[in-house]
Amino acid sequence: MTKYTLNVNGATKSLDVVPDTPLLWALRDSLDLSGTKYGCGVGQCGACMVQINGVPTRSCMTPVSSVGRQKVTTIEGIDPKAAHPLQQAWQELDVPQCGYCQAGQIMSAAALLKDNPNPSDADIDAAMGGNLCRCATYLRIRAGIHRAAE
Ligand code: FES
């Protein structure tokens, strides 16, 4: 085990894990941040998406040892009152079906809106291509991003 100090959602967090522990499991098991989901574990689905320095990042493929003092943001940290425009739009438009992938979807969408506050459908499809949804809520996700951008 190795001691790490991470910057997660604006707070300093210490944990003891083996160096190749995926950030996903450090967040979920060591830091009790269970909003980030395990889907495939091999970088294919995007359920585990967090932001590192604002960039959407698959936490299942990110060893804790590689994170250093970079800023990690999870769905729990995207807005202090869970009222980010995307979270509001998701509720207004009933975007989720089963909901499992949606934290990852929102983390990617939030990064998109920060870079591009008024994305086209094509921009959204390009930015969200790394986030799969088995319920196929893609049209509602797209609508939710447009609503949040209003
Ligand atoms: Fe990380 Fe699927 S769980 S990409």
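Please refer to the structure placed before this passage.
All residue numbers refer to position in the chain's written sequence, counted from 1. The predicted nature of this model means local features are confined to residues of pLDDT at least 70 and side-chain atom pairs, given and counted, to a pLDDT of 80 or more, with totals for whole chains, interfaces and linings taken over all residues.

Section: the nonpolar core
Core membership is restricted to buried Ala, Val, Leu, Ile, Met, Phe, Trp, Tyr and Cys residues, and these are joined into a nonpolar core through C-beta atoms within 7 Å. To assign burial, the other C-beta atoms lying within 10 Å of each residue's own C-beta are counted, with C-beta atoms placed from the backbone; 20 or more indicates buried, 12 or fewer indicates exposed, and intermediate counts indicate partly exposed. The biggest cluster of nonpolar side chains holds 36 residues, and the ones touching the most others in it are Leu23, Leu27, Leu86, Ile106, Met107, Ala109 and Ala110. Only DSSP runs of H or I reaching four residues or more are called helices, and only runs of E reaching two or more are called strands; each is numbered from the N terminus. Among the secondary structure elements, those contributing two or more residues to this core are strand S1 (2-8), helix H1 (23-30), strand S3 (49-52), helix H2 (85-92), helix H3 (102-115) and helix H5 (138-149). Sorting elements by how many residues they give to this core places H3 first, with 6 residues. Residues contacting Ile106, with those up to four places away along its chain left out, are Ile75, Ile78, Leu86, Gln87 and Trp90. Working definition of a contact: two residues with C-beta atoms, positioned from the backbone, lying within 7 Å.

What about the sheet that holds strand S5 (residues 71-73)?
Note on pairing: two strands pair once DSSP finds at least 2 bridges between them. Strand order in the open sheet formed by 5 strands is S2-S1-S5-S3-S4, and the pairing between neighbours is mixed. What marks the edges here is a single partner per strand, and that holds for strand S2 (11-17) and strand S4 (55-58). Geometrically, the sheet is characterised by an average inter-axis angle of 45 degrees between neighbouring strands, direction not taken into account. Of the strand pairs in this sheet, S3 and S4 are connected by 4 bridges, and their pairing is antiparallel. Along S4, the bridge assignment pairs Ile52 with Val55. All axes here are fitted lines through C-alpha atoms, helices being fitted over the stretch that makes contact, and every angle between N-to-C directions spans 0 to 180 degrees. In the packing of H3 onto the sheet, the strands contacted are S3 and S4, and the crossing angle to S3 comes to about 35 degrees.

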